[in-house]
Amino acid sequence: PETILVGELANRMAERTADVVKSLMKMGMMVTANQPLDADTAELVIEEFGHRAVRVSDSDVEQVIDTVQDKPEDLQPRPPIVTIMGHVDHGKTSLLDAIRNANVVSGEAGGITQHIGAYQVTTERGSVLTFLDTPGHAAFTSMRARGANVTDVVILVVAADDSVMPQTIEAINHAKAANVPMIVAINKIDKHEANAQRVRTELLQHNVVVEEMGGDVQTVEVSAKTGKGLDTLLEAIALQAEILELQANPNRQAQGAVIEAKLDVGRGPVATVLVQHGTLKRGDIFVVGEQWGKVRALINDRGDRVDEAGPSVPVEVLGLNGTPEAGDVLNVVETEAQAREIADYRISAAKDKRAAAGAATTLEQLMAKA
Ligand code: GDP
Ligand code: MG
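The name given to the chain in an unreviewed UniProt entry is Translation initiation factor IF-2, with Thioclava litoralis as the source organism.

Q: Just give me the short version of the site of ligand 1, but keep the residues and values in it.
A: Surveying the vicinity of ligand 1 reveals 15 residues, the closest of which are Asp89, Lys92, Thr93, Ser94 and Asp190. Between Gly91 and ligand 1, the recorded distance is 3.0 Å, taken from a backbone N or O atom to an oxygen atom. For ligand 1, whose free accessible area comes to 580 Å², the fraction covered by protein is 71%. Ranked by residues supplied to the shell around ligand 1, first place goes to helix α4 (residues 92-103) with three residues. Classifying every residue of the shell around ligand 1 gives two nonpolar, seven polar and six charged.

Q: So what's going on with the pattern of salt bridges? Which residues, and what values?
A: Counted under the stated rule, the structure contains 17 salt bridges. With its nearest N and O atoms 3.5 Å apart, the salt bridge here joins Glu212 to Arg200. Taken together, the residues Glu212 in the loop between α7 (196-204) and β11 (219-221) and Arg200 in helix α7 connect sequence positions 12 residues apart. We classify Arg200 as buried; its relative accessible area is 7%. Where Glu336 meets Arg340, a salt bridge forms, and the shortest distance between an N and an O atom there is 3.9 Å. On the criterion of helical spacing, the pair formed by Glu336 and Arg340 is a turn pair, its members being four residues apart in helix α9 (residues 336-369). Judged by relative accessible area, Arg340 falls into the partly exposed class, the value being 41%. Taken together, the salt bridges that share partners define one network made up of Lys262, Asp264, Arg267 and Glu316.

The rules behind each value
Residues numbered from 1 in each chain as written. Chains lettered and ligands numbered in written order. Predicted model: local features only at pLDDT ≥ 70, side-chain atom pairs only at ≥ 80, totals over all residues. Heavy atoms only, no water. Near = heavy atom within 4 Å. Polar contact = N/O pair within 3.5 Å; in protein donor to acceptor, adjacent residues only side chain to side chain. Areas by Shrake-Rupley, 256 points an atom, 1.4 Å probe, with all protein chains shown as cover. Helix = DSSP H or I, 4+ residues; strand = E, 2+ residues; numbered from the N terminus. Nonpolar A, V, L, I, M, F, W, Y, C, P; charged D, E, K, R; others polar. Salt bridge = Lys/Arg side-chain N within 4 Å of Asp/Glu carboxyl O. Buried < 20%, exposed > 50% of the residue type's maximum accessible area, 1.4 Å probe, protein only.

As structure tokens, then:
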């Protein structure tokens, strides 16, 4: 659509509708929450509120993504967020486990990593990497469809004894569509049927040109079983991250993406949030999808309680009033009133959408009967 409703715009920026209406009044426009704004006006408002408008296409302002504009001097390097993809049984889970376990110092207090949906490791040379613990194309695609871009680097796992298979090709297409750089982990190199060269050649047939063939896609031969090549893989990711110059401003109100959420019997609703901008702190008031809350506790991937979490850090968040969905965006706001208003708006907007969809079906049914 070429327009966006005032209320929806406020919602996307996590601002109060009344404040957006006020700001439009200052510009000489008398509007209500349900009035549409054209793209240029919407962009003015967005900038007025210190956000940056991202137009997915020239006409689609509904896709405005809430990203506060940071000054270059406020930006600091942040760890890359890594997702592992590949064909079934090629070793995605084994690789994630091997990387996690290799990084846990045995005997270290609290050293056992918790399965909270993501974890961080430190390479031998001291780089920090964040791994999403939910491999799979479905998770990647559904998060992206919901506007949550939570992957900086894709690790494409290809078993050296099986080579390129249908889901390998699917993963290549996802990574390309998302414009995310890829590193190929040629896994199961310990097997005597392993043929890494065949993998490289077959990748070429799918327009993935690896370094050995004169391209720029790094490959690393690994074994999730023996641990061979894991350090090299981690350093390759760190190198790729350096090239990407990933940055975020840790010194502002947090924004993050929900990667997992559940209703815990003892603890109530719990969401694992990957912080993308700013720093999430205990006591922060936030809105996340149709839910809101106040951070009661933050728990990291080691199961330790922490006071805050900066960019690219995954944490479990306690203190929600309900369970959000994976892919929901969390925004810290100033007041509980603001959080409640935004959550209420989203709930009623979702209801309207369902009602509209329901009405359409009824109409279709009527037409079909006629
Ligand atoms: P996923 O479906 O991609 O998550 O694959 P899994 O991690 O479940 O692995 C599938 C099978 O391959 C399991 O039986 C693993 O034990 C085995 N496997 C995974 N990595 C390796 C490896 O490096 N070497 C060998 N020999 N077997 C592996
Ligand atoms: Mg698996």
